[in-house]
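Below, each chain spelled out in residue letters.
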Amino acid sequence: MSRFLGRTTTLTRRGARIRVAVVPADFRLPRGWPTPTDKWVRDNAFWQPPADWSPTQAGAAAPDGWEFWRPNKLWWQTTGAYYRSIAIWGRLSNWLGYLFLVMLIASAFLGSSPMLRLVGFSAGLASIALLIVHEVLKARLTERLFAQFAVVAQRGLQERLTREYQRYLTAMA
């Protein structure tokens, strides 16, 4: 991992992961691609390049299904409001996990009655099931948010290119 002017670059087995300050996702750079500047990462955050796109003429395109963006710590801080609707699943899982632990400790001190074991075991299984539901919902919601942000990023890119082209035409006139 290297750190330079607010940027963190982490090498993974499939490529580099670039973290730039104020961007709530890390840019995942496919092998063989040139490292983009911080400005490029900020300006193009969440943009999904077309399937056969390459940043250079001679460069190879990204592998099929390549994820260009991964959430980082800032993602959870900036998008927390979107996850409020599924937070109840995580809270219920936690409370049932606590109940399981209380039943486990109680059975050690009070003896192992069948009812105590049944309640504790049921709470433990329900806690695991609710945790799985929460994680599946969180993954789906994250995927949906990334898709929405990609649409907004594409629109922003088009608007920026249009403005730059208009500036170019004005300067040439």
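Further up the page is the structure itself.
What counts, and where the lines are drawn
The residue numbers shown here count from 1 along each chain, following its written sequence. Where local features are concerned, this predicted model is filtered to residues with pLDDT of at least 70; where side-chain atom pairs are given and counted, the filter is 80 or more; whole-chain, interface and lining totals use all residues. Side-chain measures were taken over the full set of non-hydrogen atoms in the model, leaving aside hydrogen atoms and water. Only DSSP runs of H or I covering at least 4 residues are called helices, and only runs of E covering at least 2 are called strands; the numbering of each starts at the N terminus. Taken over C-alpha atoms, the radius of gyration is set against a globule rule of 2.2 Å times the number of residues to the power 0.38. Any residue under 20% of the maximum accessible area for its type is buried, any over 50% is exposed, and the rest in between are partly exposed; the area is computed with a 1.4 Å probe on protein chains only. Residues count as neighbours in contact if any of their non-hydrogen atoms are within 4.5 Å of one another. Charged residues are defined here as Lys and Arg on the positive side and Asp and Glu on the negative side; His and the ends of the chain fall outside this count. Charged side chains are reduced to one point each, which is NZ for Lys, CZ for Arg, CG for Asp and CD for Glu. Should DSSP find at least two bridges between two strands, the strands are regarded as paired.

Enquirer: So, the overall build of the protein: which residues are in play, and what are the values?
Expert: Helix and strand counts for the protein come out as four helices and five strands. Ordered by position in the sequence, the α and β elements of the protein form the string β-β-β-β-α-β-α-α-α. Relative to a compact globule of 173 residues, whose C-alpha radius of gyration would be 16 Å, the protein shows 24 Å and is clearly more extended. Principal-axis analysis of the C-alpha atoms gives the protein an extent of 90 × 30 × 30 Å. Taken across its 173 residues, the protein has 32% of its residues classed as buried. Once local pairs closer than 6 in sequence are excluded, the contacts in the protein between residues at least 24 apart make up 55%. For the protein, the separation between the mean place of its 22 positive charges and that of its 10 negative charges on side chains is 8 Å.

Enquirer: Describe the pairing of strand β4 (residues 25-30), naming the residues involved and giving the relevant values.
Expert: Buried residues dominate β4, accounting for six of its six residues. Residues of β4 alternate between two faces, with Ala25, Phe27 and Leu29 on one and Asp26, Arg28 and Pro30 on the opposite face, all of them buried. Strand direction decides the pairing type here: strand β3 (residues 15-20) and β4, joined by four bridges, are antiparallel. Following the sheet pairing, Gly15 is matched in β4 by Pro30. Taking the residues that link successive antiparallel strands as the turn, the β3-β4 hairpin has four residues, and the phi of Val22 there is positive, at about 70°. Alignment of β4 against strand β5 (residues 69-71), held across three bridges, turns out to be antiparallel. Paired with Ala25 across the strands is Pro71, a residue of β5.

Enquirer: Report on the environment of Trp53, specifying residues and quantitative values.
Expert: In this fold, Trp53 is placed in the loop between α1 (38-43) and β5. Separated by 23 residues in the primary sequence, Trp53 and Trp76 have C-alpha atoms spaced 30 Å apart. Look past the residues within four positions of Trp53 in its chain and what remains in contact with it is Trp33, Trp47, Ala61 and Ala62.

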